Amino acid sequence: MSETKKGHPPGLYLLFATEMWERFSYYGMRGLLMLYLTKAAIEGGLGFEDGDAGLIYGIYTGLVYLTPIFGGWLADNYLGQRKSITIGGITMALGQFALFFSSQENIGMFYAGLVLLIIGNGFFKPNISTVVGQLYPPGDSRKDSAFTIFYMGINLGAFLAPLVCGTLAEDTFAVKDAAGNITSYGFNYGFLAAGIGMVLGQLMFNLLGQKYLGDLGVEAGAKQSKAEAAVQPPLTKEEKNRLTVIIIMMLFNIFFWAGFEQAGSSISLYTDRYIDRHVDFLDWTIPTSFFQSVNPLFIVLLGPVFTLLWMRLGSRGKEPNTIVKMALGMILLGVGFFFMIGAGVARGGDDAPDTAKAGLMWLVGTYLIHTMGELCLSPIGLSMVTKLAPLRLGSLMMGVWFLSSFVANFLSGYLVQFFGKMGAMTIFGLIALIVIALGIVILLLSKKLLQMMHGVK
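Everything quoted here is computed from the prediction, not taken from an experiment. (Residues numbered from 1 in each chain as written. Predicted model: local features only at pLDDT ≥ 70, side-chain atom pairs only at ≥ 80, totals over all residues. Heavy atoms only, no water.)

**Brief notes about the overall build of the protein**
Argument step 1. A count of helical and extended segments in the protein gives 16 helices and four strands.
Argument step 2. Taken along the three principal axes of its C-alpha coordinates, the protein extends 75 × 55 × 35 Å.
Argument step 3. Residues classed as buried in the protein amount to 53% of the 457 residues present.
Argument step 4. Of the contacts made within the protein by residues no fewer than 6 positions apart, 82% connect residues no fewer than 24 positions apart.
Argument step 5. Summed over all atoms, the accessible surface of the protein reaches about 19,800 Å², with 66% contributed by carbon and sulfur. (Helix = DSSP H or I, 4+ residues; strand = E, 2+ residues; numbered from the N terminus. Buried < 20%, exposed > 50% of the residue type's maximum accessible area, 1.4 Å probe, protein only. Contact = heavy atoms within 4.5 Å. Areas by Shrake-Rupley, 256 points an atom, 1.4 Å probe, with all protein chains shown as cover.)

**Some points on the nonpolar core**
Side chains that are nonpolar tend, in soluble globular proteins, to be buried together.
Argument step 1. Counting 116 residues, the largest nonpolar core has Leu15, Tyr60, Phe110, Ile246, Met249 and Trp401 as its most contacted members.
Argument step 2. Those residues in contact with phenylalanine 110 that lie beyond four places of it in its chain are Leu33, Tyr36, Leu37, Leu46, Ile56, Leu99 and Ser102. (Core = buried A, V, L, I, M, F, W, Y, C linked by side-chain atoms within 4.5 Å.)

**Quick look at the pattern of salt bridges**
Argument step 1. The full count for this structure, using the stated rule, is seven salt bridges.
Argument step 2. With a shortest N-O distance of 3.0 Å, lysine 387 and aspartate 144 are connected by a salt bridge. Separated by 243 residues along the polypeptide, lysine 387 in helix H13 (residues 360-388) and aspartate 144 in helix H6 (residues 143-169) bring together distant segments of the chain. (Salt bridge = Lys/Arg side-chain N within 4 Å of Asp/Glu carboxyl O.)

**Things to note about empty space enclosed by the protein**
Argument step 1. Under the definition given, this model contains one cavity of 30 Å³ or more.
Argument step 2. There is about 60 Å³ of room inside the largest cavity.
Argument step 3. Taken together, Glu22, Ser25, Tyr26, Tyr60, Val64, Met92, Gln96, Leu117, Asn121 and Met198 make up the full set of residues lining the largest cavity.
Argument step 4. Counting only elements with at least two residues in the lining of the largest cavity, the list comes to helix H1 (10-38), helix H4 (81-100) and helix H5 (107-134).
Argument step 5. If one sorts the elements of the lining of the largest cavity by residue count, H1 sits on top with three residues. (1 Å grid on protein atoms, 1.4 Å probe; cavity = no way out; pocket = protein on both sides within 12 Å on 5 of 7 lines; lining within 4 Å. Points joined across faces, edges and corners; volume = space filled by probe spheres on them.)

**Considering the environment of serine 315**
Argument step 1. Assignment of secondary structure puts serine 315 in helix H11 (residues 294-315).
Argument step 2. The sequence separation of serine 315 and glutamine 96 amounts to 219 residues, and the corresponding C-alpha distance is 44 Å.
Argument step 3. A distance of 2.7 Å separates the side chain of serine 315 from the backbone oxygen of arginine 312, its partner in a polar contact. (Polar contact = N/O pair within 3.5 Å; in protein donor to acceptor, adjacent residues only side chain to side chain.)

**Some thoughts on H13**
Argument step 1. Look at H13: 42 Å from first C-alpha to last across 29 residues, which is about the 42 Å you get at 1.5 Å a residue.
Argument step 2. Maximum bend of H13: about 30 degrees, positioned at glutamate 374.
Argument step 3. Summarising burial for H13: 22 of the 29 residues are buried, a large majority. (Expected span 1.5 Å × (residues − 1). Bend = angle between axes of the 7 residues up to and from the residue.)

**Considerations on the side chain of arginine 347**
Argument step 1. Mapping arginine 347 onto the fold places it in the loop between helix H12 (322-346) and H13.
Argument step 2. Notably, arginine 347 is buried but unbridged: the nearest opposite-charge side chain belongs to aspartate 354, and the N-O separation is 4.7 Å.
Argument step 3. A distance of 2.9 Å separates a polar side-chain atom of arginine 347 from the backbone oxygen of proline 353.
Argument step 4. Not counting residues within four places of it along the chain, the set of residues in contact with arginine 347 comprises Tyr270, Tyr274, Ala352, Pro353, Asp354, Ala356, Lys357 and Ala358. (Lys, Arg positive; Asp, Glu negative; His and termini not counted.)

**Some points on the packing of helix H3 (residues 68-79) against H5**
The relative placement of two packed helices is expressed as an angle between their axes plus a distance between the axes.
Argument step 1. The geometry of H3 relative to H5 is characterised by a closest axis approach of 7 Å and an angle of 65 degrees between their N-to-C directions. Judged on the interaxial angle alone, H5 and H3 are roughly perpendicular. In the crossing of H3 with H5, the sense of the turn from one axis to the other is right-handed. Contact residues: Pro68, Gly71, Gly72, Leu74, Ala75 and Leu79 in H3; Asn121, Gly122, Phe123, Lys125, Pro126 and Asn127 in H5.
Argument step 2. Across the contact of H3 with H5, the residue classes tally to six nonpolar, five polar and one charged. (Axes fitted to C-alpha atoms, helices over the stretch in contact; angles between N-to-C directions. Parallel < 35°, antiparallel > 145°, perpendicular 65-115°, else oblique. Left-handed = near helix turned anticlockwise from the far one by under 90°. Nonpolar A, V, L, I, M, F, W, Y, C, P; charged D, E, K, R; others polar.)

**Here we look at a nonpolar patch on the surface**
Argument step 1. On the surface, Ile196, Val199, Leu200, Leu203, Leu207 and Leu208 cluster together into a nonpolar patch covering about 510 Å² of accessible area.
Argument step 2. Along the chain, the position of valine 199 falls in helix H7 (residues 186-213).
Argument step 3. In this structure valine 199 comes out as partly exposed when scored by relative accessible area, which is 32%. (Patch = residues over 30% accessible without salt bridge, like charges linked within 9 Å, V, L, I, M, F, W, Y side chains within 5 Å.)

**Quick look at the layout of surface pockets**
Argument step 1. Its boundaries defined by the atoms lining it, the second largest pocket holds a volume of some 980 Å³.
Argument step 2. Contributing to the lining of the second largest pocket are 45 residues, with Pro138, Gly139, Lys143, Thr386 and Lys387 lying nearest its centre.
Argument step 3. Of all the secondary structure elements, the ones that give two or more residues to the lining of the second largest pocket are H5, H6, helix H8 (221-228), helix H9 (237-260), H11, H12, H13 and helix H14 (394-416).
Argument step 4. Considered class by class, the residues forming the lining of the second largest pocket number 13 nonpolar, 18 polar and 14 charged.

Below, the structure written as structure tokens:
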């Protein structure tokens, strides 16, 4: 693998593209799931009640962040990361194709598709992130910027998916029976597009992997460690301390994502009801769902800025350490919620009539600041795990890291219950204060945590 001192190895861009197509597949399917569940059969859906559909959606989105623990352990001990990524990719593609063939009359294919997607994600997600970390030797200052680039791939896929799969899910594919009834199959073709995206990513990964990744991730980490020592050595004190740092930061990560995921729940509800989405000069009201693409768009736009920022500060010896970056991410998340409070003030408070609307820029400001916080915390957290976890536990600890998202998604959904009871401004204010306070706590702990990292920055 060729690499330069200032640039990044070409393998990073292969992993970027592979992850982009996987996220295209995931977000394309996820964006259709609730609609597919709740629409009537004649509209191409399964006809579930809202409550049942919400339960299925919550279980699915939660479990995709639980299975990476098992997929990471299997990769570390038996399969290696490269084989696990391929197994995961193929399994997820089969899951999407199962959804393509599902219908109200063939509900078994729907459930089979969800199970395959959950299993496949467990193999894929922790291992591709681990391989990104393996591209760089210990202590390489480029790793944080590398994960920011990789993170752009995630969000480029997330941005494109609703545009492609969502367009196909419209009444594009319909069949008229002998009685003149028209049945739509648009959702099925949206799932097909998601499956094709997954296949494209896997073809690229497997055809170009040896050229650009060499032997990285081919051998299981535990097997490599055994090959280097006659007996598997126990974890050293330094390794235990570093693993403790991962667990501590994982706990803080739960609160970050519980707040951040309000974008798809309470912030989305607030947008639909209380934000003026009408664009006068176009005489067009922006659909609420379109705002789910704002965050990935900002990631793609700001990702290169943050990459350049970390690299330039690093070259001058002024780059903040991992812990400080993540503390800044928490604080920025809280600041973003102050914009939502500003929207509440602008429309006259929670007691204002429903016809009172806040300006669109309050919402855009929230997404902008939240995206900046995400770039300080999420890719940096992935990078941190690869820096601190010993080789034989690399993918397992990445799975543990994703466990925080599993807990956060359930906590985020729980918080929505208080949206109508306590008022939006109160909820947004509490979240802001809690995450800012936690960010300050991280800063206060940073010196001790750095000591426990034993030289890793």
